[in-house]
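# Inside the fold
Listed here are the chains, written in short residue letters.
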Amino acid sequence: LYMYEGSAVISDSSISQNISGSGYSDTGNTTADQGYGGAGGGIYLIDGDIMLNRSTISSNRTGRGNDGGSGGAGGGLYLETGSNQVSINGSTINNNRTGSGSYYSGHGGGINFRGAALDIINSTISGNATGYGYRAGNGAGIYQQSGNLKLDSSTISFNRMGSSSYISSRDSCS
C-alpha cells in the first residue's frame, strides 16, 4: 500500500507477503530506484495519517540494495508523517524484514518511523529483522528517526538485527 498525503483507516485486515525494491525475482510488488532497496514492504506512507486497528502486517520485505546501495527501510511499515498522527491499535507487526545492502542494510524491520507521533496500543511487534551488510540495519522491531513514541500494553519481542562487518571508530580493537 503506497499512500502520499491523505488519511487512511485500516481495520480487521491483513497486509502480507509484499516486496518493495530491487533484487528479487519472485512475484509481488516491485519497485527499484538506482540500487536502493525501496521502502515500505507492506505500507509506505508519506505526509499522511493512518489508523491501523486489529490488523496484521506480516511477512513483507524491502528489497536488496545493489551496486553499493542500501537495503530498503521499513520491512512492514515505512511511515514519514510530518506533523500527522499514526495509531496502531490491537494489531500485529510480525515476520517482516528489511533488505540487505552492499553498504547499509535497511533500518526498521517492523516499523521505520519519522514524524510527529506514533502510538502503539495493545499490539505485538515480533519476529522482525533487519538485513545484512557492511553496516547492519538498526531497529529490528522499531526504528524511530524522530517524533514521539507511545507504547501502551504492547509487546516488542524476538526481533533481530542483521550482522555487520562494520566497526565504528569509537570502538576499540586489539
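Every chain is numbered independently, its residues counted from 1 as its sequence is written. Restriction of local features to residues with pLDDT of at least 70 applies here, the model being predicted, together with a cutoff of 80 or more for giving and counting side-chain atom pairs; totals for whole chains, interfaces and linings are based on all residues. Processing note: side-chain calculations cover all non-hydrogen atoms of the structure and skip hydrogens and water entirely.

## Examining the overall build of the protein chain
A tally of helices and strands in the protein chain yields zero helices and twelve strands. In the protein chain, the succession of α and β elements from N to C terminus is β-β-β-β-β-β-β-β-β-β-β-β. Taking all 174 residues of the protein chain together, 48% fall into the buried category. A 1.4 Å probe and the Shrake-Rupley method give the accessible areas. Residues count as covered only by the protein chains that appear here. Of the roughly 8200 Å² of accessible surface on the protein chain, a fraction of 44% belongs to carbon and sulfur atoms. Secondary structure follows DSSP: runs of H or I at least 4 residues long count as helices, runs of E at least 2 residues long count as strands, and numbering of each begins at the N terminus. With a 1.4 Å probe rolled over the protein chains alone, any residue whose accessible area is under 20% of its type maximum counts as buried; one over 50% counts as exposed, and the rest are partly exposed.

## Some points on the pattern of salt bridges
Salt bridges are identified by distance alone: a Lys or Arg side-chain nitrogen within 4 Å of an Asp or Glu carboxyl oxygen. Enumeration over the complete set of coordinates arrives at two salt bridges. Note that Arg54 and Asp12 form a salt bridge whose closest N and O atoms lie 2.9 Å from each other. With Arg54 in the loop between strand S4 (43-53) and strand S5 (56-58) and Asp12 in the loop between strand S1 (2-11) and strand S2 (14-16), the pair connects residues that are 42 residues apart, well separated along the chain.

## Observations concerning the sheet that holds strand S11 (residues 142-152)
The pairing criterion for strands is at least two bridges between them, as found by DSSP. Ordered by their spatial adjacency, five strands build an open sheet running S1-S4-S7-S9-S11, and the pairing between neighbours is parallel. The open sheet has two edge strands with one neighbour each: S1 and S11. Direction aside, the axes of adjacent strands within the sheet are offset by 15 degrees on average. Examined bridge by bridge, strand S7 (residues 77-89) and strand S9 (residues 111-121) share ten bridges and lie parallel to one another. A fitted line through C-alpha atoms serves as each axis, taken over the contacting stretch for helices, and the angle formed by two N-to-C directions is quoted from 0 to 180°.

## Comments concerning the pairing of S7
The sheet contact formed by S4 and S7 spans eight bridges and is parallel. Bridge assignment links Met51 to a residue of S7, and that residue is Ser87.

## Some thoughts on the side chain of Ser126
Tracing the backbone through its elements, the reader meets Ser126 in strand S10 (residues 124-126). Residue classification places Ser126 among the buried residues on the basis of a relative accessible area of 16%.

## Observations concerning the sheet that holds strand S8 (residues 92-94)
Pairing within the open sheet is parallel, and its five strands lie in the order S2-S5-S8-S10-S12. At either margin of the open sheet sits one strand with a lone partner, and together these are S2 and strand S12 (155-157). Pairs of neighbouring strands in the sheet enclose a mean axial angle of 5 degrees, with direction left out of account.

## Some thoughts on the environment of Asp12
On the basis of relative accessible area, Asp12 is assigned to the exposed category, the value being 55%. Between the C-alpha atom of Asp12 and that of Gly90, which follows or precedes it by 78 residues, the distance is 9.7 Å.

## Section: the packing of aromatic side chains
Only the six-membered ring of Trp is used, alongside the rings of Phe and Tyr, when aromatic pairs are assigned; centres must lie within 6.5 Å, and planes under 30 degrees apart are stacked while those over 60 apart are edge-to-face, with the rest tilted. Applying the stated criterion across every chain, the model contains two aromatic pairs. Look at Tyr44 and Tyr78: their rings are 5.1 Å apart centre to centre, the planes differ by 25 degrees, and that puts the pair in the stacked class. Pair noted here: Tyr44 is in strand S4 and Tyr78 is in strand S7, with a separation of 34 residues, a long-range link. With a relative accessible area of 10%, Tyr78 lands in the buried category. Three or more aromatic residues link up through ring pairs in this structure, and these residues are Tyr2, Tyr44 and Tyr78.

## Things to note about unusual backbone geometry
Even without a glycine there, the phi angle at Glu5 is positive, about 60 degrees. Mapping Glu5 onto the fold places it in strand S1. Of note in this structure, Asn95 is not a glycine but carries a positive phi near 55 degrees. The exposure class assigned to Asn95 is partly exposed, which follows from its relative accessible area of 43%.

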